[in-house]
Amino acid sequence: MQPYRRFHSQYRERLSLADGTWAELRMVRPEDAALLREGFERLSPRSRFQRFLSAKPRLTSEELKYLTSVDGERHVAIGAVTWSPAGREVGLGVARFFRSTETPEVAEVAITVADDAQGKGLGRLLMDKLVEAARERGVERFDFRVLAGNLPMYKLVQTLAPCEPVQDEDALCFSVPLGAPARGGTELLRSLLALAAQGALTLIGPTCRWRSLSRAPPPVAYKEEVRTP
């Protein structure tokens, strides 16, 4: 008998964000393709580059299918929505992890929050739920990537996650145990997420491996900075 899981296909939870906005968290489903496309269109050029390493104008039908056809085991995605005055759903953000067949105890993680929903605590909520869902499935470690070539950023990450990263193309890959105490585990992930939200580092998710992205330069308005958390 499969153990009880809180984060199953029917999971729904309503929460109030820092500014009083009501949001609903639920598992991503195939019917969310249009919602995901609309949310992507609301991302700024900087947010698109940070998430996809490309000045990407749109998501293709194939990408939308991949991002919404999750199996809840190997590929898990939790979305956040709110409602327009007319009662229509509006996407706010998505957190997902992807486990490989060879190492199911390790998952790559990615979180995207719409620009107009940032600064309201949503990223932290999504991260917390994603960690819970991962632990339910036996995931022991999250892998994340940061853009290489920025020494101050590297030193900053090292103060939070004292481990040697692995070079992978144009990114550095760090590994964070979910059950680590003190500055590890959820608190470390929260710190890293805060840095990502400030532009100090970029979390690159598993979809970057899956797709063959054109390595276009970032938008002119994009400029990497390192800020202390």
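Quick look at the structure, then. (Residues numbered from 1 in each chain as written. Predicted model: local features only at pLDDT ≥ 70, side-chain atom pairs only at ≥ 80, totals over all residues. Heavy atoms only, no water.)

**Topic: the pattern of salt bridges**
If you walk through the whole model with that rule in mind, you get 16 salt bridges. Note that E13 and K129 form a salt bridge whose closest N and O atoms lie 3.5 Å from each other. Of this pair, E13 sits in strand β1 (residues 12-16) while K129 sits in helix α4 (residues 122-136), placing them 116 residues apart in sequence. On the basis of relative accessible area, K129 is assigned to the buried category, the value being 10%. With a closest N to O distance of 3.2 Å, E73 and R99 form a salt bridge. Of this pair, E73 sits in the loop between α3 (61-68) and β3 (75-83) while R99 is found in strand β4 (residues 89-99), placing the two residues 26 residues apart along the sequence. Given a relative accessible area of 31%, E73 falls into the partly exposed group. The network of salt bridges with shared partners includes R26, R29, E31, D32 and E89. (Salt bridge = Lys/Arg side-chain N within 4 Å of Asp/Glu carboxyl O. Helix = DSSP H or I, 4+ residues; strand = E, 2+ residues; numbered from the N terminus. Buried < 20%, exposed > 50% of the residue type's maximum accessible area, 1.4 Å probe, protein only.)

**Some thoughts on the packing of aromatic side chains**
Counted by the stated rule, this structure contains three aromatic pairs. Aromatic pair F7 and Y11: ring centres 4.6 Å apart, planes at 55 degrees, arrangement tilted. Per residue, the accessibility class of F7 equals that of Y11, and both read buried. Between F97 and F142 the ring centres are 6.1 Å apart and the planes differ by 40 degrees, which places this aromatic pair in the tilted class. With F97 in strand β4 and F142 in strand β6 (residues 141-147), this pair connects stretches of sequence that are 45 residues apart. Classification of F142 by relative accessible area gives buried; the value is 0%. (Phe/Tyr/Trp six-rings, centres within 6.5 Å; stacked < 30°, edge-to-face > 60°.)

**What to know about helix α1 (residues 33-41)**
Buried residues of α1: L35, L36, G39 and F40, and no others. Relative to the axis of α1, the buried residues are bounded by an arc of 135 degrees and lie together on one face. (Arc of directions from axis to C-beta.)

**Topic: the packing of α1 against α3**
Where α1 contacts α3, the two axes come as close as 9 Å, and the packing angle between them is 115 degrees. Taken together, the axes of α1 and α3 are roughly perpendicular relative to one another. Seen from above, α1 lies across α3 with right-handed handedness. In this structure, α1 uses A33, L36 and R37 to contact α3, whose residues at the interface are L64, L67 and T68. Looking at the contact of α1 with α3, its residues break down into four nonpolar, one polar and one charged. (Axes fitted to C-alpha atoms, helices over the stretch in contact; angles between N-to-C directions. Parallel < 35°, antiparallel > 145°, perpendicular 65-115°, else oblique. Left-handed = near helix turned anticlockwise from the far one by under 90°. Contact = heavy atoms within 4.5 Å. Nonpolar A, V, L, I, M, F, W, Y, C, P; charged D, E, K, R; others polar.)

**So, the environment of A134**
Mapped onto the secondary structure, A134 falls in helix α4. Judged by its relative accessible area of 0%, A134 is buried. Measuring from C-alpha to C-alpha, the distance between A134 and L178 comes to 8.8 Å, with 44 residues separating the pair along the chain. With sequence-adjacent residues up to four places away left out, A134 is seen in contact with F97, V139, F142 and L178.

**Focus: the nonpolar core**
L25, I78, F97, L122, L126 and F142 are the most contacted members of the largest nonpolar core, which totals 33 residues. Breaking this core down by element, the ones donating at least two residues are β2 (22-27), β3, β4, β5 (106-113), α4, β6 and β8 (171-177). If one sorts the elements of this core by residue count, α4 sits on top with seven residues. Formed by 11 residues, the second largest nonpolar core is a distinct cluster that contains L43, L64, Y66 and A77. (Core = buried A, V, L, I, M, F, W, Y, C linked by side-chain atoms within 4.5 Å.)

**Let's talk about the pairing of β4**
Across a regular strand the side chains alternate sides, sitting on one face of the sheet and then on the other. Among the 11 residues in β4, nine count as buried, and that is most of the element. Of the pairings in the sheet, the one linking β3 to β4 comprises nine bridges and is antiparallel in character. Looking at the pairing, A77 lines up with R96 of β4. Counting the residues that bridge the hairpin from β3 to β4 gives five residues, and of these G87 lies at a positive phi of roughly 85 degrees. Both β4 and β5 contribute to a ladder of seven bridges, which runs antiparallel. Note on β5: the bridge partner recorded for A95 is I111. Where β4 folds back onto β5 in an antiparallel hairpin, the turn is made up of six residues. (Pairing = 2+ DSSP bridges.)

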